[in-house]
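Structural characterization, general
Listed below are the residues making up each chain.
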Amino acid sequence: MTFTTHPFDDDKLKEECGVFGIIGKDSAAAMAALGLHALQHRGQEACGVVSFDGEQFHAHHALGHVGENFNSETVIKKLMGSAAIGHTRYATTGETAMRNVQPLYVDFDFGGFALGHNGNLTNAHTLRKQLIKRGCLFRSTTDTEVVIHLMAMARGGSPIDRLIEALRQVEGAYSLVCLTKNMVIGVRDPYGVRPLVLGKLEDAYVLASETCALDIIGAAFIRDIEPGEMVILNGETVESMRPFASAPHKFCIFEYIYFARPDSSVEGHSVYEMRKNIGVELARESGIAADIIVPVPDSGVPSAIGYAEESGIPFDLGIIRNHYVGRTFIQPTERIRHLGVKLKHNANRRFIEGKRVILIDDSIVRGTTSTKIVEMVREAGAKEVHMRISSPPTRHSCYYGIDTPEPEKLLAHNYTVDQMRSFIGADSLAFVSLDGLYRAMGETKRNTAAPQYCDACFTGDYAIGLTDLNSKEIQGELSLLAKASE
């Protein structure tokens, strides 16, 4: 029998990846594994840790969850050393296979080098073709390996010099952690699309995608790594440099809506507080008479609390989530596809029967899950079902590290809001407005001339170049590859 993810899982935007690095701690690999546990929500397909013990590098890579693969003392003991980096992955480029599991490790003339990447490079295929023509042999299909080959082709110099030269040739979004024999390196792209934070645990320095990974090991938060900043941790000091041209700040606003853990602090803001604020704006913009506010667990909970507090309508858990579904041995038959949502959610009938219900969720992607949730609540006896969404309509694909369906498969790309309401079967449907979303972030409104965040999935306003997407040759080759893999 084989593990199969649930077929309804493709109706959520998928997490990108999580990265973690630590230097100056004897149990570095164990700390990295714990950090990856906290970052599991950012990638659930594969995980890996690479460590260095002063003489040798050690690595463990695996498909599946962190808890399934780093739960053995035997595994941790093999990952010796006081420096380690880790990565938890959801594939935004490249198939799910062991050859794509990060951190990637290679041997350069200066020694071993390991790299973990959160984000997506938008000119990776173009660069890959150029590198292959120059004689490079790729072992993976992930865009991250392009950085490795660009470093190999660099004009020599230190690992830092090579990494800078490589990154000056790429476009897109990246937060990286790297490991050499004497340092851990962290770097964010000049736009700062993906998060990366710096912490300290006793005498050890730590890098992580989110502060929740610092919390789990008891590390203190120091600060966010700035957009375009590179930090070099040698175990005793933190060296900072800014080797790239400055660019407008374009942090991904969807981190606040869905991706980051609610107990994290990102870019100086509490994620939980931002989500509650969105619920407040939703209630102000699209309030309606109802008897109960019900979140679609778990991502809809903070916004539902904010909506309830602003509207004065009682909040209750009218839908209960089964947290132990994860994966199943059952093959995805038509019957299982039909049951899909019920395997993960169940209506709490006593609290919704005969009531006018407002459902709060973070987004609508394809619309299939929302349809089944609305149907389930109606079957449980709700008198009315109103849907409120704590993001604007998702009309465009993301090319910066989120696995988004093609625009044609996005419900909001093809339908008006009222047509979407009819499709999901709700009595009413409303999304938070763009300006409302920005108000929840503490802004007066969205600056249309220079948006304060990356919101391309809502607006189609892509701030970073899309070389591969705009190349007919590259798109033709990718289309052929996709057909061959079907």
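Rules of the game
- Residues numbered from 1 in each chain as written.
- Predicted model: local features only at pLDDT ≥ 70, side-chain atom pairs only at ≥ 80, totals over all residues.
- Heavy atoms only, no water.
- Axes fitted to C-alpha atoms, helices over the stretch in contact; angles between N-to-C directions.
- Helix = DSSP H or I, 4+ residues; strand = E, 2+ residues; numbered from the N terminus.
- Parallel < 35°, antiparallel > 145°, perpendicular 65-115°, else oblique.
- Left-handed = near helix turned anticlockwise from the far one by under 90°.
- Contact = heavy atoms within 4.5 Å.
- Nonpolar A, V, L, I, M, F, W, Y, C, P; charged D, E, K, R; others polar.
- Patch = residues over 30% accessible without salt bridge, like charges linked within 9 Å, V, L, I, M, F, W, Y side chains within 5 Å.
- Areas by Shrake-Rupley, 256 points an atom, 1.4 Å probe, with all protein chains shown as cover.
- Salt bridge = Lys/Arg side-chain N within 4 Å of Asp/Glu carboxyl O.
- Buried < 20%, exposed > 50% of the residue type's maximum accessible area, 1.4 Å probe, protein only.
- Pairing = 2+ DSSP bridges.
- Core = buried A, V, L, I, M, F, W, Y, C linked by side-chain atoms within 4.5 Å.

1. Considering the packing of helix H4 (residues 124–133) against helix H5 (residues 144–152)
- Closest axis-to-axis distance for the H4/H5 pair is 10 Å, and the angle between their directions is 40°. Relative to H5, the element H4 is oriented oblique. You can see that H4 and H5 cross each other, and the crossing is left-handed. Seen from H4, the contacting residues are Ala 124, Leu 127, Arg 128 and Leu 131; seen from H5, they are Val 146, His 149 and Leu 150.
- Partitioned by chemical class, the residues of the contact of H4 with H5 number five nonpolar, one polar and one charged.

2. Structural notes on a nonpolar patch on the surface
- On the surface, Phe 315, Leu 317 and Ile 320 cluster together to form a nonpolar patch covering roughly 230 Å² of accessible area.
- Within the fold, Ile 320 resides in strand S18 (residues 319–321).
- Look at Ile 320 and you get partly exposed, because its relative accessible area is 40%.

3. Quick notes on the sheet that holds strand S3 (residues 46–52)
- The seven strands are arranged S4-S3-S5-S2-S11-S10-S12 in an open sheet whose pairing can be described as antiparallel. The sheet terminates laterally at strand S4 (57–63) and strand S12 (220–224), the two strands that pair on one side only. Across the sheet, the axes of successive neighbouring strands diverge by a mean angle of 15°, strand direction being ignored.
- Relative to strand S11 (residues 204–208), strand S2 (residues 17–23) runs antiparallel, the two sharing four bridges. Across the sheet, the residue bridging to Ile 23 is Tyr 205, located in S11.

4. Points about the nonpolar core
- Among the nonpolar cores identified, the biggest contains 41 residues, and Phe 254 and Met 441 are the most heavily contacted of them.
- Within the residue set of this core, elements represented by two or more residues are helix H8 (254–259), helix H9 (271–286), helix H10 (301–311), strand S21 (356–361), helix H16 (434–440) and helix H17 (456–459).
- Excluding its chain neighbours within four sequence positions, the residues that come into contact with Met 441 are Ile 253, Tyr 256, His 269, Met 274, Ile 278 and Tyr 453.

5. Some words on the pairing of strand S7 (residues 111–121)
- Burial within S7 is extensive, with ten of its eleven residues counted as buried.
- Strand direction decides the pairing type here: strand S6 (residues 104–108) and S7, joined by five bridges, are antiparallel. Bridge assignment links Val 106 to a residue of S7, and that residue is Phe 113.
- Linking S6 to S7, which pair antiparallel, is a turn of two residues.

By themselves, these are just geometric observations and shouldn't be taken as functional.
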